[in-house]
Amino acid sequence: MFNNTLQYTLESIIQHIDKCEYRFLEIYTPEDFVSTEKGNLLLDAIVTRLQAIGENVKNISKKHQDLLDKYPEIEWIKIIRFRDFVSHHYEMLDYEIVFQICDTFLPKLKHVILSELNI
């Protein structure tokens, strides 16, 4: 297995993904993020969680790169870069990319993390 800090970090990522998935239930198209005030709030809430996921992955990469190397199908660097982009250039955020992340990439990431946690 692995140390408690890594386990806590992986469990935190799952919690963030769960929140994103719940909030994404009301989003059917990318435009749903920008067509209403509620959509804008959901976009902000989801992006905040995606940023936290990126921060956690960034921390894992510093001490447990072997874990990330174990799952090359996940684009870990893109997760970290998205976090950095959101942190420094939020005003340039593309809601269509956020939709794609939630729709396509989060389920894959969740599967890998749950597998690693043996859940």
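Residues numbered from 1 in each chain as written. Predicted model: local features only at pLDDT ≥ 70, side-chain atom pairs only at ≥ 80, totals over all residues. Heavy atoms only, no water.

Visitor: So what's going on with helix H5 (residues 95–117)? Which residues, and what values?
Guide: The terminal C-alpha atoms of H5 lie 31 Å apart, and with 23 residues this matches the ideal 33 Å at 1.5 Å per residue to within 8%. Taken together, the buried positions of H5 are occupied by Val98, Phe99, Ile101, Cys102, Leu106, Leu109, Lys110, Val112, Ile113, Glu116 and Leu117. Where the residues of H5 are buried, they touch helix H1 (4–24), helix H2 (37–63), helix H3 (65–69) and helix H4 (76–89). Just beyond H5, the residue with positive phi is asparagine 118, at close to 60 degrees. (Helix = DSSP H or I, 4+ residues; strand = E, 2+ residues; numbered from the N terminus. Expected span 1.5 Å × (residues − 1). Buried < 20%, exposed > 50% of the residue type's maximum accessible area, 1.4 Å probe, protein only. Contact = heavy atoms within 4.5 Å.)

Visitor: Talk me through the packing of aromatic side chains; I want residue IDs and the actual numbers.
Guide: Tallying each qualifying case throughout the model produces two aromatic pairs. Where phenylalanine 24 meets phenylalanine 33, the ring centres are 6.3 Å apart and the plane angle is 40 degrees; that geometry is what we call tilted. The two residues phenylalanine 24 and phenylalanine 33 agree in class, both being buried. Aromatic rings pair up to connect Phe24, Phe33 and Phe99 into one cluster. (Phe/Tyr/Trp six-rings, centres within 6.5 Å; stacked < 30°, edge-to-face > 60°.)

Visitor: I'd like a rundown of the nonpolar core, residues and numbers included.
Guide: Within the largest apolar cluster, 36 residues are counted, with the highest numbers of intra-cluster contacts made by Ile13, Leu50, Ile53, Trp76, Val98, Leu106 and Leu109. At the level of secondary structure, the elements contributing two or more residues to this core comprise H1, H2, H3, H4 and H5. Dropping the residues within four chain positions of it, isoleucine 53 is found in contact with Ile13, His16, Ile17, Ile79, Leu106 and Leu109. (Core = buried A, V, L, I, M, F, W, Y, C linked by side-chain atoms within 4.5 Å.)

Visitor: An account of the pattern of salt bridges is requested, with residue identities and associated values reported.
Guide: Think of it this way: side chains of opposite charge can pair up when their charged atoms draw near. For the structure on display, the rule yields eight salt bridges. We note a salt bridge from lysine 78 to glutamate 75, for which the minimum N-O separation is 2.9 Å. The exposure class assigned to lysine 78 is exposed, which follows from its relative accessible area of 52%. Residues joined by salt bridges that share partners form a network here, namely Glu55, Lys58, Arg83 and Asp84. (Salt bridge = Lys/Arg side-chain N within 4 Å of Asp/Glu carboxyl O.)

Visitor: Help me get a handle on the environment of isoleucine 13, residues and values and all.
Guide: One can find isoleucine 13 in helix H1. The exposure class assigned to isoleucine 13 is buried, which follows from its relative accessible area of 0%. The spatial distance from the C-alpha of isoleucine 13 to the C-alpha of isoleucine 53 is 5.5 Å, given a sequence separation of 40 residues.

Visitor: Kindly report on the side chain of arginine 83, identifying the contributing residues and their values.
Guide: Looking at where arginine 83 falls in the secondary structure, it is placed in helix H4. Classification of arginine 83 as buried rests on a relative accessible area of 16%.

Visitor: Which residues make up H1, and what values do they have?
Guide: In this model H1 runs 30 Å from its N-terminal to its C-terminal C-alpha over 21 residues, within 8% of the 30 Å that 1.5 Å per residue would give. Next to the buried residues of H1 lie H2, H3 and H5. Of the residues that open H1, the one with a side-chain oxygen 3.0 Å from the backbone nitrogen of threonine 5 is asparagine 3. (Polar contact = N/O pair within 3.5 Å; in protein donor to acceptor, adjacent residues only side chain to side chain.)

Visitor: Summarise the layout of surface pockets; cite the residues concerned and give the values.
Guide: Taken as a whole, the largest pocket holds about 500 Å³ of empty space. What lines the largest pocket is a set of 17 residues, among which Lys78, Ile79, Phe82, Ile101 and Phe105 lie closest to the centre. Elements with a minimum of two residues in the lining of the largest pocket: H2, H4 and H5. Here the lining of the largest pocket takes seven residues from H5, the largest share from any one element. Taken together, the residues that form the lining of the largest pocket break down as 11 nonpolar, one polar and five charged. (1 Å grid on protein atoms, 1.4 Å probe; cavity = no way out; pocket = protein on both sides within 12 Å on 5 of 7 lines; lining within 4 Å. Points joined across faces, edges and corners; volume = space filled by probe spheres on them. Nonpolar A, V, L, I, M, F, W, Y, C, P; charged D, E, K, R; others polar.)

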